[in-house]
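Chain and residue survey
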Amino acid sequence: MSLTNHKDNPQEEYHFESSSDYCNVDIINIAAQNVRNSINLNEQDDAQLKSIINLEKTRYLFAIGNISHDELKKRIYDIRHNLVKEYHREPFDNGVIDKKFYEELNKLYRYKDE
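Residues numbered from 1 in each chain as written. Predicted model: local features only at pLDDT ≥ 70, side-chain atom pairs only at ≥ 80, totals over all residues. Heavy atoms only, no water.

1. Digging into the overall build of the protein
Selection criterion: What counts as a helix is a DSSP run of H or I of at least four residues, what counts as a strand is a run of E of at least two, and both are numbered from the N terminus. The quantity called the radius of gyration is restricted to C-alpha atoms. Its globule counterpart is 2.2 Å times the number of residues to the power 0.38. In these tables, accessible area is a Shrake-Rupley quantity obtained with a 1.4 Å probe, and a residue counts as shielded only by the protein chains included in the view. Counting rule for charge: Lys and Arg are taken as positive, Asp and Glu as negative, and neither His nor the chain ends is counted. A single reference atom marks each charge: NZ on Lys, CZ on Arg, CG on Asp, CD on Glu.
Regarding its fold elements, the protein presents four helices and two strands. Walking the protein from its N terminus toward its C terminus, one meets helices and strands in the order β-β-α-α-α-α. The globule rule puts the C-alpha radius of gyration for 114 residues at 13 Å, and the 14 Å found for the protein is close to it. With respect to the three principal axes, the spread of C-alpha positions in the protein is 35 × 35 × 20 Å. Entry remark: accessible area of the protein is about 6,800 Å², with carbon and sulfur atoms responsible for 43%. Of the side chains in the protein, 16 bear a positive and 21 a negative charge, and the two mean positions are spaced by 3 Å.

Structure representation (structure tokens):
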């Protein structure tokens, strides 16, 4: 399984669940900070955002060869499972946090929804 750096494919909208790209950690961090600056996060929102960030960073580690595909699958499962167990929320629920994070991320990659 090979992933493409999203900076090389910005004409496509990016989302963890529907893309075979990965994002750079610096861009992930900026997008997360933009979400924090624009939305008053409660405890569940913050946990969801942190889970999305961790999922994105885990995909990045796999893409650059620092973890195996089996480790990627395990970490994805663990991150999702822990969020659902503790906060009864999915990382990708099409809610405010999920949508805002990917809106910010795509803006940073200069994706234009035309």
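Now that the structure is up, let's keep going.
2. Details of the packing of helix H1 (residues 25-38) against helix H4 (residues 96-108)
What counts is decided by this rule: For helices, the fitted axis covers only the stretch in contact; all axes are lines through C-alpha atoms, and the angles between them, taken along N-to-C directions, range from 0 to 180 degrees. Oblique is the label for any angle not under 35 degrees, not over 145, and not in the 65 to 115 range, which are roughly parallel, roughly antiparallel and roughly perpendicular in turn. Rotating anticlockwise by less than a right angle from the far helix to the near helix defines a left-handed crossing, while the corresponding clockwise rotation defines a right-handed one. Working rule for contacts: check all heavy atoms of both residues, and any pair within 4.5 Å makes them a contact. Each residue gets one label: Ala, Val, Leu, Ile, Met, Phe, Trp, Tyr, Cys and Pro are nonpolar, Asp, Glu, Lys and Arg are charged, and the others, such as Gly, are polar.
Following both chains from N to C, one finds H1 and H4 inclined at 130°, their axes separated by 9 Å at the closest point. On the basis of their axis angle, the class for H1 and H4 is oblique. The way H1 lies across H4 gives a crossing that is right-handed. Of H4, the residues touching H1 (which contributes Ile27, Ile28, Ile30, Ala31, Ala32, Asn34, Val35 and Ser38) are Lys100, Phe101, Glu104, Leu105 and Leu108. In terms of residue class, the contact of H1 with H4 is built from nine nonpolar, two polar and two charged.

3. Describing the packing of aromatic side chains
Applicable threshold: Only rings of Phe, Tyr and Trp enter the pairing, Trp through its six-membered ring, and a pair is recorded when the two centres are within 6.5 Å. The plane angle decides the type: under 30 degrees is stacked, over 60 is edge-to-face, the rest tilted. For a Lys NZ or an Arg CZ to count as sitting over a ring, it must be within 6 Å of the ring centre and within 35 degrees of the ring normal.
Under the definition given, this model contains five aromatic pairs. With centroids separated by 5.3 Å and ring planes inclined at 20°, the aromatic side chains of Phe16 and Phe92 adopt a geometry described as stacked. Placement of Phe16 in the loop between strand S1 (4-5) and strand S2 (21-22) and of Phe92 in the loop between helix H3 (69-87) and H4 is noted, with a sequence separation of 76 residues between them. In this structure an aromatic cluster arises from ring pairing among Tyr14, Phe16, Phe92, Phe101 and Tyr102. Just above the ring of Phe16 sits the side chain of Arg59; from NZ or CZ to the centre is 4.3 Å.

4. Here's the deal with the pattern of salt bridges
Rules: By definition, a salt bridge exists where a carboxyl oxygen of Asp or Glu is found within 4 Å of a side-chain nitrogen of Lys or Arg.
Applying the stated rule across the entire model yields 12 salt bridges. Residue Asp46 is joined to Lys50 by a salt bridge in which the shortest nitrogen-to-oxygen separation is 3.0 Å. Of the two residues, Asp46 and Lys50 are both situated in helix H2 (residues 43-63); the distance of four residues between them amounts to about one turn of the helix. Residues joined in a network through salt bridges with shared partners are Lys100, Glu103, Glu104 and Lys107.

5. Brief notes about the nonpolar core
Side chains of nonpolar character tend, in soluble globular proteins, to be buried together. Cut-off, in case you're wondering: For our purposes a nonpolar core is just a set of buried Ala, Val, Leu, Ile, Met, Phe, Trp, Tyr and Cys residues, chained together by side-chain atoms within 4.5 Å. Working definition: with a 1.4 Å probe on protein chains only, accessible area under 20% of the residue-type maximum means buried, over 50% means exposed, and in between means partly exposed.
Formed by 21 residues in total, the largest nonpolar core has its most connected members in Leu49, Phe101, Tyr102 and Leu105. Elements that contribute at least two residues to this core include exactly H1, H2 and H4. When residues of this core are assigned to their parent elements, the largest contribution, five residues, is made by H1. Among all residues touching Tyr102, those that are not within four sequence positions of it are Tyr14, His15, Phe16, Ile52, Glu56 and Phe92. Among the nonpolar cores identified, the runner-up in size contains five residues, and Tyr22, Phe62, Ile67 and Leu72 belong to it.

Purely geometric numbers; function is a separate question.
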